[in-house]
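Now for the letters of each chain:
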Amino acid sequence: MHPTPTVAPSFLEATITDLQTQTGRGSGSLPADQRRSHILEAVRSAGEVDVRRLAADLGVSQMTVRRDLSHLDRVGLLRRVHGGATVRASPTARSEVMPAEKTGIAQAVAGLVQDGDVVGIDVGSTCTAVAHQLALREGLTAVTTSLHAALAFQTSPSRCVLLGGIVTREGSLVDGGPLVHRRELNLTKLVLGCGGVSADRGITYFDLGETAIREDLIERSETVILAADHSKFEVDRAITLGGLGVIDVLVTDAEPPQRLAEALRAADVEVVVAST
C-alpha cells in the first residue's frame, strides 16, 4: 500500500493553528478583529483569496466571511470581488507597474484620436496615461468619470467634462445621474481599460457600478478602443461588459496569444501593438 500523502497546510491554516495553540480556542470562536487580521494576511500573502477556502480554514460560515470581506473592502484594506477578494492596489501603485508599456499604449491610442474628437476616457492607470497624452493636444473634448483623468486636463488647451456621481476609492464617479444619461452626450471615441480580456468571457471588470456606466457610454460612442497591456490577456474578472465584439480596436503592448487573437479576428477587432 502506498502511504497517504501529506498535504501542506495553507498560510491561513498555519497562522490560525498558531493562534489556537496560544489562545486555546477553536477557529470558529476567533474574535472578528483577529479573523479579519488573518484574512488580510492571507490576501497579502497570496494576492487573492476564496470565500469557501477562507470559511473552511477559519471554521466559520461563508456568510461570516462575506461580511468580513465587505467590511475590509469598505475600509479600503482589500478589494471584494465575486467569490472572494484581492489585494487593493492604489492608483499610484498601479501607475508604477509597467510604466513604459502603458506610455507606449497611451501614445498609440492618442494616435487614433483626431482633432475635434469627443473622447470618453475610462477609469484606471492605463486610461489615465491616455488622458495625459491627450491633454497635450488642442481642440479635443474629454468626457470621463475618472478624477485622475480629469486632473490631467487641468491646464490643458483642450477641455474636459467630468461626469458627476459618487466618488469611489478608485477615484471614479458612479451612479452619475442626469449628466451620464443625457441624450445630448455623443462620443466619437471611447477609451476603455479592463480587468481582463479573454476569448471566453470577453471584456471583464471588478466593479458593477463602473461597468454599468461603461455600457451607457458604449451606446453613445462611434468607436470603442480597449487599452490593455498583455497582463490582461486571458484573464477573467467577476463582471462581464460583453463579448469581444463590443470593442472596435484593441491597443496593447504585445501580440495576443493565439486563441485570443483568433477570437479577436472573428469579432472583427483591429489589434494595434504599441511600440514601447
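This one's a predicted model, so the numbers in the text were calculated from it and none came from an experiment. Residue numbers run consecutively from 1 along every chain, following the written order of its sequence. Given that this is a predicted model, residues contribute local features only at a pLDDT of at least 70 and side-chain atom pairs are listed and counted only at 80 or more, while totals for whole chains, interfaces and linings are drawn from all residues. Water and hydrogen atoms play no part in the side-chain values, which are based on all heavy atoms of the structure.

Any chance you could explain the overall build of the protein here in plain terms?
Of the regular secondary structure elements, the protein holds 10 helices and 15 strands. Expressed as a percentage of contacts within the protein between residues at least 6 apart in sequence, the contacts between residues at least 24 apart total 58%. Summed over all atoms, the accessible surface of the protein reaches about 13700 Å², with 51% contributed by carbon and sulfur. Helix numbering and strand numbering both begin at the N terminus, where a helix is a DSSP run of H or I of at least 4 residues and a strand a DSSP run of E of at least 2. A contact between two residues is defined here by any heavy atoms of the two lying within 4.5 Å. All accessibility values rest on the Shrake-Rupley procedure with a 1.4 Å probe; residue burial counts only the protein chains present in the view.

I would appreciate a short explanation of the state of the cysteines in the present structure.
Throughout this description, disulfide means a covalent bond between two cysteine sulfur atoms. Cysteine sulfur atoms that come within 2.5 Å of each other are treated as a disulfide pair. Tallied over the full model, the rule gives 0 disulfides. No disulfide involves Cys127; its sulfur sits 8.8 Å from that of Cys194, the nearest cysteine. Exposed residues in this analysis have more than 50% of their type's maximum accessible area, buried residues have under 20%, and partly exposed residues fall in between, with area computed by a 1.4 Å probe over protein chains only. Owing to a relative accessible area of 1%, Cys127 belongs among the buried residues under this scheme. Looking at Cys194, the relative accessible area reads 11%, which means it is buried.

Explanation requested: helix α9 (residues 208-219) in the structure shown.
Since there are 3.6 residues in each turn of an α-helix, residues three or four apart along the chain are aligned in direction. A helix's residues, less one, multiplied by 1.5 Å, set its expected span. Taking 1.5 Å per residue, 12 residues should reach 16 Å; α9 reaches 17 Å between its end C-alpha atoms and fits that length. Inspection of α9 places Glu210, Thr211, Ile213, Arg214, Asp216, Leu217 and Ile218 among the buried residues, and these make up the whole buried set. Nitrogen and oxygen atoms within 3.5 Å of one another constitute a polar contact, given that in protein one can donate a hydrogen and the other can accept it, and given that sequence-neighbouring residues count only through two side-chain atoms. Put simply, Asp207 is the residue that caps the front of α9, since its side-chain oxygen is 3.0 Å from the backbone nitrogen of Gly209.

Hey, could you run me through the packing of aromatic side chains in this one?
In this description, a pair of aromatic rings is defined by centroid distance and the angle of the planes. Note on aromatic pairs: the rings of Phe, Tyr and Trp (six-membered ring only in Trp) are paired at centre separations within 6.5 Å, and the planes decide the class, stacked below 30 degrees, edge-to-face beyond 60, tilted for the rest. Counted under the stated rule, the structure contains 0 aromatic pairs. The positively charged end of Arg79 is found above the aromatic ring belonging to Phe206, 4.6 Å away from the centroid. Two conditions define a charge located above a ring, namely a distance within 6 Å from the ring centre to NZ of Lys or CZ of Arg, and an angle within 35 degrees of the ring normal. Cation over ring: Arg214 sits above Tyr205, and NZ or CZ is 3.7 Å from the ring centre.

Can you help me understand the sheet that holds strand β13 (residues 239-242) in this one?
Two pairing modes exist for strands in a sheet, parallel and antiparallel, and in both the strands are linked by backbone hydrogen bonds. Two strands pair under a simple rule: DSSP has to find at least two bridges between them. In space, the 3 strands of this open sheet follow the order β10-β11-β13, with antiparallel pairing throughout. Looking at which strands have only one partner, the edges of the open sheet turn out to be β10 (196-198) and β13. On average, each strand axis in the sheet is inclined to that of its neighbour by 30°, with strand direction left out of account. Summarising the sheet, β10 and strand β11 (residues 202-205) pair through 3 bridges and their orientation is antiparallel. Looking at β11, one finds that Gly196 is bridged to Thr204. Strands β11 and β13 of the sheet are contacted by α9, whose axis makes an angle of about 5° with β13. Fitting a line to C-alpha atoms yields each axis, with helices limited to the stretch in contact; the angle taken between N-to-C directions then spans 0 to 180 degrees.

It is worth stressing that arrangement in space is one thing and function is another; only the former is reported here.
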